[in-house]
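# A look at the structure
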Amino acid sequence: MNTDNTKHLRIAFRVDASPQIGTGHFMRCLTLAIELRKVDCEVWFICRDLPAHFVAMLHEKGITLLPLTAASSLLSIQDIDTLEDWERAEKMFSAQESP
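Right, let's walk through the structure included here. All values reported here derive from a predicted model rather than from experimental measurement. (Residues numbered from 1 in each chain as written. Predicted model: local features only at pLDDT ≥ 70, side-chain atom pairs only at ≥ 80, totals over all residues. Heavy atoms only, no water.)

Turning next to the sheet that holds strand E3 (residues 64–67). The three strands are arranged E1-E2-E3 in an open sheet whose pairing can be described as parallel. Strands with a single pairing partner mark the edges of an open sheet, and in this sheet they are strand E1 (10–14) and E3. This sheet shows a mean twist of 25° between the axes of neighbouring strands, independent of strand direction. As paired elements, E1 and strand E2 (residues 42–47) share five bridges and run parallel to each other. Bridging from a neighbouring strand, Ile-11 pairs with Val-43 of E2. Contacting E1 and E2, helix H1 (residues 23–38) runs over the sheet at an angle of about 160° to E2. (Pairing = 2+ DSSP bridges. Helix = DSSP H or I, 4+ residues; strand = E, 2+ residues; numbered from the N terminus. Axes fitted to C-alpha atoms, helices over the stretch in contact; angles between N-to-C directions. Contact = heavy atoms within 4.5 Å.)

Laid out in C-alpha cells, this is it:
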C-alpha cells in the first residue's frame, strides 16, 4: 500500500541497545519501522554495536542497519541520500582510521 503522503519518505531511527539498557526503545522503534515499511517508507536503523539477536531481528524484517562508528557520527544524515552514500562514507572513514 502506497500513499502520496509516504511516497519517497526515508526514516532513520537512531537506536542503541544492550541487554542492560535500551531494549524497550529498540523494540518500540522496530514496531514503528515495521508499520512504516507497510506504507512503503524506506527505513534505516543507525546504531552502535548491537547484540546479535537485535541485528537478526532487523535482518529478518528487511530493515537496513547502518553501523555507527566514531568517524561516521561526524556525518550529517542530510548528506546521505542513499545506502550507497553511507557505505562509501564508511569505507572512506575506515581507511582514514586504519594505521
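In this section: the packing of aromatic side chains. Inspection of every chain in the model, using the stated rule, returns three aromatic pairs. Judged by centre distance (5.6 Å) and plane angle (75°), the rings of Phe-26 and Phe-45 are edge-to-face. Here Phe-26 is found in helix H1, whereas its partner Phe-45 is found in strand E2, with 19 residues between them in sequence. For Phe-26, a relative accessible area of 0% corresponds to the buried category. Measuring from ring centre to ring centre gives 4.4 Å for Phe-26 and Phe-54, while their planes differ by 40°; the resulting arrangement is tilted. Of this pair, Phe-26 sits in helix H1 while Phe-54 sits in helix H2 (residues 52–60), and the two are 28 residues apart along the sequence. The residues Phe-26 and Phe-54 share a single accessibility class, namely buried. An aromatic cluster is present here, built from Phe-13, Phe-26, Phe-45 and Phe-54 joined pairwise through their rings. (Phe/Tyr/Trp six-rings, centres within 6.5 Å; stacked < 30°, edge-to-face > 60°. Buried < 20%, exposed > 50% of the residue type's maximum accessible area, 1.4 Å probe, protein only.)

Further remarks concern the environment of Leu-65. Inspection of the secondary structure puts Leu-65 in strand E3. What makes Leu-65 partly exposed here is its relative accessible area of 29%. The sequence separation of Leu-65 and Ile-46 amounts to 19 residues, and the corresponding C-alpha distance is 6.1 Å. If we skip the residues at most four places from it in the chain, Leu-65 touches Phe-45, Cys-47, Leu-50, Val-55 and Leu-58.

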